Protein chains: 2
Amino acid sequence: MVKARRFIFAKHFVGEPKEDDFRLAEEELRPLKDGEILVEAVWLSVDPYMRAYTVKRPVGTTMFGSQVARIVDSRSKAYPVGKLVVGHWGWLDKSIVDVEKQDFTGLPKPYIIPDFQGHPESLALGILGMPGNTAYFGFLEICRPRAGEVVVVTGAAGAVGSVVGQIAKIKGCKVIGFAGSDEKVKWLTSELGFDNAFNYKTEDIAGVLKTAAPNGVDCYFDNVGGKISSIIINHMNEFGRISVCGSISSYNADVSKMPEATILQPAFASKQLKMEGFLVTRWSDRWMEGINQLLKWIVEGKLKYHETVTEGFQNMPKALIKMLRGQNVGKAVVRA
Amino acid sequence: MVKARRFIFAKHFVGEPKEDDFRLAEEELRPLKDGEILVEAVWLSVDPYMRAYTVKRPVGTTMFGSQVARIVDSRSKAYPVGKLVVGHWGWLDKSIVDVEKQDFTGLPKPYIIPDFQGHPESLALGILGMPGNTAYFGFLEICRPRAGEVVVVTGAAGAVGSVVGQIAKIKGCKVIGFAGSDEKVKWLTSELGFDNAFNYKTEDIAGVLKTAAPNGVDCYFDNVGGKISSIIINHMNEFGRISVCGSISSYNADVSKMPEATILQPAFASKQLKMEGFLVTRWSDRWMEGINQLLKWIVEGKLKYHETVTEGFQNMPKALIKMLRGQNVGKAVVRA
């Protein structure tokens, strides 16, 4: 018999998630049926959306999320033993997966990861996976950047923001990033080619924007929401576009008492701004288009990546908490 | 010699505009040159945007705005004496107008008003003019309402909001309006056919929304911004659309200390909302399309209107102040 472990969402988070909000459960797995595969997690993902999504989910359910897993048994011809697949079946170290069953996420069904040409397979959870496509589609389709425009990214050193800024550079834009530590800021400008980057915790946002974007901001890719977003949006040019990817700054807030920030409507009306939120599932039918383009840019040396690796499946909660505290540079992953 | 009066923007407003923030000046007009017309104001417009736009304009300039005027002398064949024209040359009772000169507003150049089929010519400043087109294009082009959807309008009894709600009804939507008095609320439901209307000053916004829109809101036409908008936006459905026309609630605020309200980004990201601000000048090249459609609906009895008339050119400041206090129902105009 195969023993499998899973993390249960045991308590609703109050403020920052704590380790005892999760419970590790163990079970014996039954034999496979036709159309199923048995997979063993190799890499697991922790992402900011996990903090937000738990709010509406009942306690007692398995923590959701994506992983790269090796197929160790198979009763599906399309999924041979030994291959690595990407799937969204949650925080489990071993899983029985019905490969045809659509899960609740709206993401593509489990797929065998393509040839990453020597780059690590963990990228299937980052720049060559959901976060990469979030950056690719969410920035290009909603901001529709033009060469020469000024682009601002918050959460710029995260898994999504770091890709957005580099895509903006590829498209010929000037890129300004905001991140939460001097180390991240240095990485953005010295490694990733951002034109400017600032530590939002120590800098005067309005002041640095005036200097770095004296003619205003055309596109804003918003990972954080809240007060910093109000300042950036009030510094935008006519017909500016804002892509709302997330709202990390408020994820730990009580949903019945969301934070306040300077209102946006005066800037929207006078400057004819446009803001759109999105979920990457909107582009599920174009998934491999994004992955292939991002891989091409990596191979050409135009896109760089960094991963912050936590060792051990049992440390999933720790990895999530660290990432939500901003202690990652680039994509946060767990090696099972 | 012809004597003309004009209102000068004499002092920047602090909070609510006051009568002595304006100065009435008198001058003698020179003879006409070729291509010019002499016009005498018949109806003048006071609009919410006037409060917002003064902020960036120097004191000492003539107050801007639209009027319906009679041509009393002409050196332009296309503009014969006796005709009524709409123009944007400001708070003047008599004006010399170079009909070919493009003004700063971005609105269409002066035009002779079409046959309103018995309806008053003052409508060229309201439902058959800039506010009507603001409703027509700003709602239909940005919200893109579909039959059966739920539409919320704030500032619903104003010159723009009252038209938006009626267009939404024509398009088969359910319409909920918010306005600032019980009298306005009654007008919206009993005269204009709104499904529901509420006095935002006395009702619990979140509570009435839950009852009137139990399945959520699809389109929001926002005239007011601020706290009420945050509540409405947080009650929207996936892929909801928000058209930002104005931000009346903050027009009297100090621009360096804009009000705060509950942040919008969490709802934007999770529900994939879209919000766009606009100026009606964006559709200047389709101006008569809007006017003709609105006139057709009026003639068919599908669109109703109401005007709040102030008598006397000298009372322009009073009329503006009253309108900004919300003491108008429908369009506020001044009879010169």
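Since we're looking at a predicted model, the values are computed, not measured.

Analysis parameters
Residues numbered from 1 in each chain as written. Chains lettered and ligands numbered in written order. Predicted model: local features only at pLDDT ≥ 70, side-chain atom pairs only at ≥ 80, totals over all residues. Helix = DSSP H or I, 4+ residues; strand = E, 2+ residues; numbered from the N terminus. Rg over C-alpha atoms; globule rule 2.2 N^0.38 Å. Buried ≥ 20, exposed ≤ 12 C-beta atoms within 10 Å, placed from the backbone. Contact = placed C-beta atoms within 7 Å. Pairing = 2+ DSSP bridges. Nonpolar A, V, L, I, M, F, W, Y, C, P; charged D, E, K, R; others polar. Least-squares fit on C-alpha atoms with pLDDT ≥ 70 in both. Arc of directions from axis to C-beta. Axes fitted to C-alpha atoms, helices over the stretch in contact; angles between N-to-C directions. Domains from an automatic or database assignment. Parallel < 35°, antiparallel > 145°, perpendicular 65-115°, else oblique.

A short note on the overall build of chain A
- Across its full length, chain A holds 9 helices and 16 strands.
- Taken over C-alpha atoms, the radius of gyration comes to 20 Å for chain A, in line with the 20 Å a tight globule of 336 residues would show.
- Dimensions of chain A, computed from the C-alpha atoms along their principal axes, are close to 65 × 45 × 35 Å.
- The buried share of chain A, taken over its 336 residues, is 50%.
- A fraction of 67% describes how many contacts in chain A between residues 6 or more apart in sequence connect residues 24 or more apart.

Some points on the pairing of strand E6 (residues 94-98) of chain B
Residues and elements named next belong to chain B.
- Taking every second residue as pointing to the same face, the buried face of E6 carries Ser-95 and Val-97, while none of Lys-94, Ile-96 and Asp-98 on the other face is buried.
- Across 5 bridges, the pairing between strand E3 (residues 36-45) and E6 is antiparallel. If you follow Glu-40 over to E6, its bridge partner there is Lys-94.

Some words on the interface of chain B and chain A
- On the side of chain A, 30 residues touch chain B, which itself brings 30 residues to the contact.
- Mapped by element, the contributors of at least two residues to the side of chain B that touches chain A are helix H6 (226-233), strand E13 (260-262), helix H7 (265-271) and strand E14 (274-277) of chain B.
- Top contributing element to the side of chain B that touches chain A by residue count: H7 of chain B, with 5 residues.
- Looking at the side of chain B that touches chain A residue by residue, the classes come out as 14 nonpolar, 10 polar and 6 charged.
- As judged from the 3 bridges shared by strand E14 (residues 274-277) of chain A and E14 of chain B, these two strands associate in the antiparallel manner.

Examining the relation of the copies chain B and chain A
- Once chain B has been moved 0.0 Å along the axis and rotated by 180°, it coincides with chain A to within an RMSD of 0.0 Å. One copy is carried onto the other by what is essentially a two-fold rotation axis.
- Looking at chain B, 100% of its interface residues are interface residues in chain A too, so the copies touch through the same face.

So, helix H4 (residues 182-190) of chain B
All names here are of chain B.
- Those residues of H4 that fall on the buried side of the exposure criterion are Lys-184, Val-185, Trp-187 and Leu-188. Angularly, the buried residues of H4 cover 160° about the axis, an arc narrow enough to put them on a single face. Turned more than 90 degrees from where H4 packs its buried face, Glu-183 and Ser-190 sit exposed.
- In the core, the buried residues of H4 are packed alongside helix H3 (161-170), strand E9 (174-179) and strand E10 (196-199).

Describing the sheet that holds strand E8 (residues 150-154) of chain B
- The sheet built from 12 strands is open, its strands ordered E10(A)-E9(A)-E8(A)-E11(A)-E12(A)-E14(A)-E14(B)-E12(B)-E11(B)-E8(B)-E9(B)-E10(B) with mixed pairing. Where the open sheet ends on each side, the last strands, each with one partner, are strand E10 (196-199) of chain A together with E10 of chain B. Neighbour-to-neighbour, the strand axes of this sheet turn through a mean angle of 15°, independent of strand direction.
- Pairing geometry for strand E8 (residues 150-154) of chain A and strand E11 (residues 217-222) of chain A, over 3 bridges, is parallel. Considered in E11 of chain A, the bridge of Val-153 of chain A is made with Phe-221 of chain A.

Comments concerning helix H3 (residues 161-170) of chain A
Residue and element names in this part refer to chain A.
- H3 sits mainly inside the fold: 8 of its 10 residues count as buried.
- Three or more residues of H3 are buried, namely Gly-161, Ser-162, Val-163, Val-164, Gly-165, Gln-166, Ile-167 and Ala-168.
- In the stretch just after H3, Gly-172 is the one whose phi turns positive, near 85°.

Here's the deal with unusual backbone geometry
- The phi torsion at Gln-117 of chain A lies on the positive side, around 55°, for a residue other than glycine.
- Inspection of the secondary structure puts Gln-117 of chain A in the loop between strand E7 (111-112) and helix H2 (130-143).
- The phi dihedral of Gln-272 of chain B is positive, around 55°, even though this residue is not glycine.
- Take Gln-272 of chain B: it is sitting in the loop between H7 and E14.
- What makes Gln-272 of chain B partly exposed here is the crowd of 18 C-beta atoms within 10 Å.

Considering the domain arrangement of chain A
Residues and elements named next belong to chain A.
- Its domain assignment divides chain A into domain 1 (2-126 + 306-335) and domain 2 (130-280).
- Summarising the inter-unit geometry, the C-alpha centres of domain 1 and domain 2 are found 28 Å apart.
- Residue-level contacts link 16 residues of domain 1 with 15 residues of domain 2.
- Broken down by element, the side of domain 1 that touches domain 2 gets its largest block of residues, 3 residues, from helix H1 (residues 49-53).
- By residue class, the composition of the side of domain 1 that touches domain 2 is 6 nonpolar, 6 polar and 4 charged.

Observations concerning the packing of H2 of chain A against helix H8 (residues 287-299) of chain A
Residues and elements named next belong to chain A.
- One can describe the packing of H2 onto H8 by two numbers: an axis separation of 9 Å at closest approach and a directional angle of 95°. For the element pair H2 / H8, the angle class is roughly perpendicular. Contact residues: H2 offers Gly-132, Asn-133, Tyr-136 and Phe-137, while H8 offers Trp-287, Gly-290, Ile-291, Gln-293 and Leu-294.
- Here the residues of the contact of H2 with H8 are counted per class, giving 5 nonpolar, 4 polar and no charged.

Points about the environment of Arg-51 of chain A
Residue and element names in this part refer to chain A.
- The topology assignment puts Arg-51 in helix H1.
- Classification of Arg-51 by C-beta neighbours within 10 Å gives buried; the count is 21.
- Taking the C-alpha atoms as reference, Arg-51 lies 8.3 Å from Phe-13; in sequence the two are 38 residues apart.
- In contact with Arg-51, not counting residues within four places along its chain, are Pro-17, Tyr-251 and Leu-324.

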